[in-house]
Amino acid sequence: LRNVGFTLPRGTVMGLIGENGAGKTTTIKAVLDLIRPDSGEITVLGEHGSNPSVREKIGVVLENGGFPSAMSAAQVSMLLGRAYKNWNAEQFALYIEKFGIDREKAIRDYSKGMKTKLNIAAALSHGAELLLLDEPTSGLDPVVRDEVLDLLYDFMQDENHAILLSSHITSDLDKIADEITFIHKGEVLLSEPRDELLDTCGIL
């Protein structure tokens, strides 16, 4: 990453786009304090991302999941109950039931769509104010993708919430994104409201 800079206001869904290797996942990892930048400053909800009180307010969905494949949804709930002060086991159970996920089945036996839904259910069940999503709809069929986008839309009904959504699927961003940030070779080429881009950009 080189001189990457953008601001995600509350009440906003920002689509983070760019080719493979452009720096989207690296940016998200830097925001989460999983990697340390050589220079610059990152503030999340007004504080440093390593602050435990800030981590409580961030919901994360990474492309490759994040839970051991031998665990079940019930075990995930127990694990996150220890990790988050505001973990809501009842809300998580409602999401699991809504998604038709078997609570006792090992994650390795889930479909890709089920794994994504499990990760989103976890991200939405501890009072998060900010969601960081890395390719959450990649590889999903259109019906499941729409279900995921509906969940994100419901999350954004609270104007204090915000979403940073990395995606290659521009039709998803058309449905939900307010802002678009385009990263190319580690640099931000633009970060603008989606509607302005639609009005001013074309294909050469």
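Everything that follows concerns the structure shown earlier in this document.
Everything numeric in this text was worked out from a predicted model, so none of it was measured.

Novice: Would you take a moment to explain the layout of surface pockets for this structure?
Specialist: Empty space among the atoms can be located by rolling a probe the size of a water molecule over them. Put simply, the largest pocket is a space of about 840 Å³. Of all elements in the fold, only α1 (24-31), β2 (43-44), β5 (130-134) and β6 (162-166) reach the threshold of two or more residues within the lining of the largest pocket. With four residues, the top contributor of residues to the lining of the largest pocket is α1. Taken together, the residues of the lining of the largest pocket break down into 15 nonpolar, ten polar and six charged.

Novice: What am I meant to see in the side chain of Thr 137 here?
Specialist: With respect to the helices, strands and loops of the structure, Thr 137 is situated in the loop between β5 and α6 (142-155). By relative accessible area, which is 4% here, Thr 137 ends up buried. In this structure the side chain of Thr 137 is engaged in a polar contact, spanning 2.7 Å, whose partner is the side chain of Asp 172. Apart from the residues within four sequence positions on either side, Thr 137 is in contact with Arg 145, Val 148, Ser 167, Ile 169 and Asp 172.

Novice: How do you make sense of helix α5 (residues 112-123) when you look at a structure like this?
Specialist: Three- or four-residue spacings in an α-helix give side chains the same orientation, since the helix completes a turn every 3.6 residues. Taking 1.5 Å of rise per residue, the twelve residues of α5 would be expected to cover 16 Å, and the 17 Å separating its terminal C-alpha atoms lies within 8% of that figure. Taken as a whole, α5 has its buried residues at Gly 113, Thr 116, Lys 117, Leu 118, Asn 119, Ile 120, Ala 121, Ala 122 and Ala 123. Buried-residue contacts for α5 involve β4 (58-61), α3 (73-83), α4 (89-99), β5 and α6.

Novice: Hey, could you run me through the pattern of salt bridges in this one?
Specialist: Oppositely charged side chains can pair when the atoms bearing their charge come close. As enumerated under the stated definition, the model contains eight salt bridges in all. For the salt bridge of Asp 33 with Arg 55, the shortest nitrogen-to-oxygen distance reads 3.9 Å. A residue pair is termed long-range when its members are at least 10 positions apart, and Asp 33 in the loop between α1 and β2 and Arg 55 in helix α2 (residues 52-55) qualify at 22 residues. Its relative accessible area of 12% is what places Asp 33 among the buried residues. With relative accessibility at 36%, the residue Arg 55 sits in the partly exposed group. The shortest N-O distance in the salt bridge between Glu 147 and Lys 117 comes to 2.6 Å. Note that Glu 147 is positioned in helix α6 and Lys 117 in helix α5, a separation of 30 residues in sequence. Note on Lys 117: relative accessible area 9%, which makes it buried. Through salt bridges with shared partners, a single network forms among Asp 33, Arg 36 and Arg 55.

Analysis parameters
Residues numbered from 1 in each chain as written. Predicted model: local features only at pLDDT ≥ 70, side-chain atom pairs only at ≥ 80, totals over all residues. Heavy atoms only, no water. 1 Å grid on protein atoms, 1.4 Å probe; cavity = no way out; pocket = protein on both sides within 12 Å on 5 of 7 lines; lining within 4 Å. Points joined across faces, edges and corners; volume = space filled by probe spheres on them. Helix = DSSP H or I, 4+ residues; strand = E, 2+ residues; numbered from the N terminus. Nonpolar A, V, L, I, M, F, W, Y, C, P; charged D, E, K, R; others polar. Buried < 20%, exposed > 50% of the residue type's maximum accessible area, 1.4 Å probe, protein only. Polar contact = N/O pair within 3.5 Å; in protein donor to acceptor, adjacent residues only side chain to side chain. Contact = heavy atoms within 4.5 Å. Expected span 1.5 Å × (residues − 1). Salt bridge = Lys/Arg side-chain N within 4 Å of Asp/Glu carboxyl O.

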